[in-house]
Amino acid sequence: MTETMTWAPTEITAADGPLLDQLTERLDDLLLSNGAVVFRGFRITPAALGGVLDRILRNRLAYVHGNSPRSHVGDRVYTSTEYPAEQTISMHNELSYSARWPSRLAFYCETTPGSGGATPVVPGVAWLAALSPELRAAFAGGVRYTQNLHDGHGFGKSWQETFEASGRAEVERHLEAMDGTTWEWKRDGGLRIAQIRPATVTHPVTGAEVWFNQADQWHHAALGDETAAALAAIMPEEDLPQHVTFADGSPIDPAYVLEIRDRGLATAVDVDWQAGDLLVIDNVLVAHGRRPYAGPRRVLVAMSD
């Protein structure tokens, strides 16, 4: 898996046998050995999706503490991130900024993209190997994420939406269970959360060390010069909806941010979608993103621990 040019998600087609057999007999082993599996040609319909997800996501999770915009479309089933179609979503592992993250993700293509719209995937060991020794050494102490969530009116996401909660007590119970996390309720009713997390983690079964953070997505440098300058004119960095530094509070060099983003995307392998396709990934072993697209595209996602 360290040889990125030879790695690709395992593809299972309808010619390999009934879908149910593939899900129950092969999936666990394939995810541990390869990290990503594509099921193609089984003609999974939206009506059948729930039953399929029940097989592969044994304890389906709500998208609690998620930072990306998406819509709830079913029983713990969501649209994939709803950023504008022309934007690239850089590589990341779901909720890697949190002390809690899902171990498995399933992506389902309901509507074939008009053009583009692939989901790139990359093994975390390959992404880590693609980064310079200088960058890896700089991140050895980990990162500090700061999140500012408003109380229903403001810039970014609200704490109610982020935690799928209506009361502070429910949010606090969730945060209390997260190691390395501090928070404060602000005078305007908003919530500020700070988390110190490692830049890499080790997979609990395979022992592989993988790049596992979202420093590039949380850093203002990834927004582009004009957007970053516009935000800086209206609020300090620490008040942005999300902000990241090294664990000791020192700033991260923007050059590092761009290296992480660009090398992750360059090392990735694209999964091109057809309606009815299902992509399942080990969320620690493999990171994912999104290529720009035009025309229709509807990809749903669910996750489990």
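Residues numbered from 1 in each chain as written. Predicted model: local features only at pLDDT ≥ 70, side-chain atom pairs only at ≥ 80, totals over all residues. Heavy atoms only, no water.

## Re the side chain of threonine 162
- Its place among the elements puts threonine 162 in helix 6 (residues 159-163).
- By relative accessible area, which is 0% here, threonine 162 ends up buried.
- In this structure the side chain of threonine 162 is engaged in a polar contact, spanning 2.8 Å, whose partner is the backbone oxygen of serine 158. (Helix = DSSP H or I, 4+ residues; strand = E, 2+ residues; numbered from the N terminus. Buried < 20%, exposed > 50% of the residue type's maximum accessible area, 1.4 Å probe, protein only. Polar contact = N/O pair within 3.5 Å; in protein donor to acceptor, adjacent residues only side chain to side chain.)

## Here's the deal with the pattern of salt bridges
- Within the structure shown, the criterion is met by 11 salt bridges.
- For arginine 291, the salt bridge is made with aspartate 270, and the minimal N-O distance between the two is 2.9 Å. Of this pair, arginine 291 sits in the loop between strand 17 (286-290) and strand 18 (293-294) while aspartate 270 sits in strand 15 (residues 269-271); the two residues are 21 residues apart in sequence, bridging distant segments of the chain.
- A cluster of three or more residues bridged by salt bridges with shared partners is formed by Glu11, Arg40 and Asp277. (Salt bridge = Lys/Arg side-chain N within 4 Å of Asp/Glu carboxyl O.)

## What to know about the sheet that holds strand 11 (residues 191-197)
- Strand order across the open sheet formed by 4 strands is 10-11-9-14, with antiparallel pairing between neighbours. If you trace the sheet from one side to the other, it starts and ends with strand 10 (181-185) and strand 14 (242-246), each paired once. In this sheet, neighbouring strand axes are inclined to one another by 15° on average, regardless of whether the strands run parallel or antiparallel.
- Both strand 9 (residues 143-149) and strand 14 contribute to a ladder of 5 bridges, which runs antiparallel. Residue glutamine 147 lies in a different strand from strand 14, and its bridge partner there is glutamine 242.
- Most of the contacts of helix 7 (residues 168-176) go to strand 10, to which it runs at about 160°, and overall it touches strand 10 and strand 11. (Pairing = 2+ DSSP bridges. Axes fitted to C-alpha atoms, helices over the stretch in contact; angles between N-to-C directions. Contact = heavy atoms within 4.5 Å.)

## A short note on the environment of phenylalanine 42
- Examined against the element boundaries, phenylalanine 42 turns out to sit in the loop between strand 2 (36-40) and helix 3 (46-56).
- On the basis of relative accessibility, which here comes to 16%, the residue phenylalanine 42 falls in the buried class.
- Considered as a pair, phenylalanine 42 and glutamine 87 are 45 residues apart in the sequence and their alpha carbons are 30 Å apart.
- In contact with phenylalanine 42, other than residues within four places in its own chain, are Ile12, Thr13, Ala14, Gly17, Pro18, Leu19 and Gln22.

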